[in-house]
Amino acid sequence: MRSRIKHFLGMESHDRDVLTFFARSNASVGYYAGVMLTIAWLAVLGTRLLGLEALTFSVAGVGVPLFMLACNVFVVILSRRYLNAHISRRKFQAVLVVYMFASVLASGLASLLDFVSGGQVVIFLLQVAFCTCLFVEPPIGALLLTSVTFVTMSVAVCLLGEGTVEMYTVMVVSWLAIMAVSVGRYRQAFAAAHRESELRSLSTRDELTGLPNRRALRMNFSHYVNEPIIVVMADLDDFKYVNDACGHTAGDAILEQFAHVIVEFFPGDDIYRYGGDEFLALLAISEEELLERSNDLRAALLAVKEPKVRATGYKMAHTAGYVCGVARSEKELRHMITLADENLLRAKQRGKDIILGSKFSPSEDEASLGESLLHDRGVDELTGMPTRSSFRRQARELIDRANEAELVAYIVHFDIEDFKIYNSQKGYESGDELLKRVGSLVKSTFTDGVTSHLSDDHFVVAVIATDDFEQRVASVCEGVAKLGDGLVVVAKAGIYVCHPDDPRVGLSFMADCAKVACDSVKGRYDELYRYFDEKMMARVARRYYVVNNLDKALREGYIRASYQRVVRTVTGKVCGYEALAKWDDPEHGIIPASEFVPILEDARLIHKLDLFMLHAVCEDHKNVRADGVETLPTSVNLSRLDFDLCDLPSEVSGAIASCGIPPELIHFEITESSLADSAGTLKSGVASLRELGHEVWVDDFGSGFSSLNMLKEYEFDALKIDMEFFRVRGGDDVSDERARRIVASTVNMAKRIGMGVIAEGVASEEQRSFLSRIGCGKIQGELYGLSRHDDAELHHSENRNELIESQAERVYFDKIDELNMLSANPLADLGHGPFLYGRPIAVVEFCDDDTMHYIQVNKRFMHMIQEGGTQGLAESEARFNTPGPFRDAAIHAFKQIEQAGTQMRYSLTRGDITYCIDAAFVVRREGAAAFLAEVQCFDSNDITFVE
């Protein structure tokens, strides 16, 4: 009974939609009834001023009607402003309450002053009825207002003695009538409000999740203005792949369950489904509370037990970006949503299950709104095209329109082949100018679609099908070819067809498929574009598996560090290692690095692998050294993206410090092709690593598009020559003289600019022998075995002294490796003055036991000793080490050279041959010293040089 009375009088609470409907209804009544009452009070005022009524003129008698006239005019204006959304509901209601009581009291006063006038009584009753109607939320207000008013009037009439039975009857009947009208109108308005709320709910609620949609967000914008809020944009990690692999039904179950869980932690109507797997939240909580609830949400998602979700094997996880602050206008609120979406994109670039946020400063952003208008609209600064996040929204809307109209839409991915060649030969400024021109070409060709500059040389288009679609795609590819400015520039395209009934709704999935199609046509000069088909699905599935299972593979040990030996050319001893990532998957077996590394780079997850490898190598060094075993320098591969996706120098210094190993034990390799695509960030990053005490090498030099400009711009410690130099069509390895000269020239150039040289991919003894003769100090490849897992290779305890180079030997031979055996003046390179070009050169070692060994010799030296009747270096060493005057004189001479520390010249004679030797001390180790010697010999009988 009590609840019925509360319901009857409107004393129960109402939601925001019902209250808004009441306010708009009241405003409509206020406008039209206010106009009528304004006319009525004008009539009363006119008859009073003109003396048409037989009443005594008084100031109060004129002032009160004039006041009421002004009040009603004000209500008319106020109602119109509220209906036009120029003032808030709260302000409108507050002013109405003041007006109601003021107007009722003033009407009552007017009636008391001129009670004999029947017209005054009528207007008074109209005024009370009008105010009652304005106070329909709730009817209890009408009850109180009319009751107080009529009781006051009755008491006043009795005190004045002016009342009659008829008058009291009219007042009671009026009171009952007004109450009936008020309650009836309230019930009608209440029912209408609920009907409108239901209709609005159907149009503003997402059918799948039950959350408010983007239309509801636009309607509720004003509710979040001038309030401290946090704008959060979140989406499900890898949802598009699950949706494709498990089906649309499973995807819907995941979205529904995610919405259910997120509402448990963030209750209310402030969570919106923004589109696809993206959700938007506008929350009136603190940043600390957001992060705390997010951690609880993360745990709750992992604990989901809904059968349809568990059947997919998908572990629900989300990534989010947020912005916290106060938006002073709807424009600033939209800007906050854009910033939250950009933070989401940055978070996804760093990995999965990450939340990344920032502060919103209205004053700073207002000052920069004009300058960053393009950025606010999600426009790429270089090309003026939509950014990745803006493209996702616009393309999604375009595809939705196409689906509604049952039309086919296309996603087109354009890629410029070998753009790094253009960059390296023309420079970065010319490369940027080319990208601008390509962007203009794409935009002007697809004016009816959505275009975007995704990254680097990648462009994407979303467009609804037209008859000339393929001609337009071809025209872009052909048009790019004309923009090369003297260089050949080739563009390829991949196309994904978006059918209206296609269950693969993820836009990122569509874009990935278009890219796969584009990659498949690269290198084929008879095709400009290709459509994605089911045969390409295996590549998409493998990409999904790699991206989705990277964290698990790192955590479970499926990815491990494997070590390949680096061997000293002149001794055959192991002098270092290269750490390689090996993925041995329980489901797919060995996944080649050539397959998963490009996928991780494209997904911008490569830094997670490289940091894992860095820490794994440091831990292995720490464990081996803890056993008292000396370890050798180990190189770790890096991607150019590592410098963008994390603070690499800090990560490196932290890993080194935590394991307590010397920084010189960890070298870094950066692929040559990466350098052509990078600029300032990589350059400063390389410099920082070298300042920390690490060597940085150029990997795969020669396999890509080598640029001398790159060697000028960057400071590296060594080049790794890829033995693809030797892979000549129709040739048989090192027998190709052209290839040999290219390799020799590269070694010569590197040593002339102070860089070491390592050859990788060495597979034969012929290659090793050639590399030794030209002074390439270190080699690695199949000739010395494949890589081995874990730190067993680093221990290598068996025959260690015979197989593994000691630290003293490393210092010794590193110094010898600096010598350039291909130089026209190797001694001059050491600072000992000019010498004749092309003489026999040898690096020799004199031991303290008075024996001599050759470390390195050049081709002229080998020719010289063979002309002297010696078959090889071993026989030459044996002849020299035979006791006699020649050996004693030579040993004495080289000891003097070491003591002097400078270059000296000696002449030694054996039989009819005189040797003129120019030699310089290079380096000493325990028990031996190395010298660089230039030898000339001639027959004393005819003074003929022997070479």
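If you're wondering where the values come from, they're calculated on a predicted model, not measured in any experiment.

Concerning the pairing of strand E3 (residues 278-283)
Link 1 in the chain: The buried fraction of E3 amounts to 6 of the 6 residues, a majority that puts the element mostly inside the structure.
Link 2 in the chain: Along E3, one buried face is formed by Glu 278, Leu 280 and Leu 282 and the opposite face, lined by Phe 279, Ala 281 and Leu 283, is buried too.
Link 3 in the chain: Counting the residues between successive antiparallel strands, the hairpin from strand E2 (residues 271-275) to E3 contains 2 residues, one of them, Gly 276, with a positive phi of roughly 60 degrees.

Describing the sheet that holds E2
Link 1 in the chain: If you trace the 5 strands from one edge of the open sheet to the other, you get E2-E3-E1-E4-E5, paired in mixed fashion. At either end of the open sheet lies a strand with only one pairing partner, and these are E2 and strand E5 (355-359). Strand-to-strand twist across the sheet, computed as the mean angle between neighbouring axes with direction ignored, equals 20 degrees.
Link 2 in the chain: By the bridge criterion, 5 bridges tie strand E4 (residues 318-326) to E5 in an arrangement that is parallel. Residue Gly 321 lies in a different strand from E5, and its bridge partner there is Leu 356.
Link 3 in the chain: Packing against the sheet, helix H12 (residues 287-302) makes contact with strand E1 (228-236), E3, E4 and E5, and its axis sits at approximately 165 degrees to E4.

Some remarks on the packing of aromatic side chains
Link 1 in the chain: Summed over the entire model, instances satisfying the criterion amount to 18 aromatic pairs.
Link 2 in the chain: Taken together, a centroid distance of 5.5 Å and an interplanar angle of 65 degrees make the contact between Trp 583 and Phe 596 edge-to-face. Separated by 13 residues along the polypeptide, Trp 583 in strand E12 (residues 574-585) and Phe 596 in helix H23 (residues 593-602) bring together distant segments of the chain.
Link 3 in the chain: Residue classification places Phe 596 among the buried positions, given a relative accessible area of 0%.

Here we look at H23
Link 1 in the chain: Of all the residues in H23, the buried ones are Phe 596, Ile 599 and Leu 600. Buried residues along H23 cover an arc of 95 degrees about the axis, so they all sit on one side.
Link 2 in the chain: On its buried face, H23 is in contact with helix H22 (537-556), E12, strand E13 (589-591) and helix H24 (606-626).
Link 3 in the chain: Remark: Arg 604 follows H23 within two positions and exhibits a positive phi of approximately 60 degrees.

Reading the values: the criteria
Residues numbered from 1 in each chain as written. Predicted model: local features only at pLDDT ≥ 70, side-chain atom pairs only at ≥ 80, totals over all residues. Heavy atoms only, no water. Buried < 20%, exposed > 50% of the residue type's maximum accessible area, 1.4 Å probe, protein only. Helix = DSSP H or I, 4+ residues; strand = E, 2+ residues; numbered from the N terminus. Pairing = 2+ DSSP bridges. Axes fitted to C-alpha atoms, helices over the stretch in contact; angles between N-to-C directions. Contact = heavy atoms within 4.5 Å. Phe/Tyr/Trp six-rings, centres within 6.5 Å; stacked < 30°, edge-to-face > 60°. Arc of directions from axis to C-beta.

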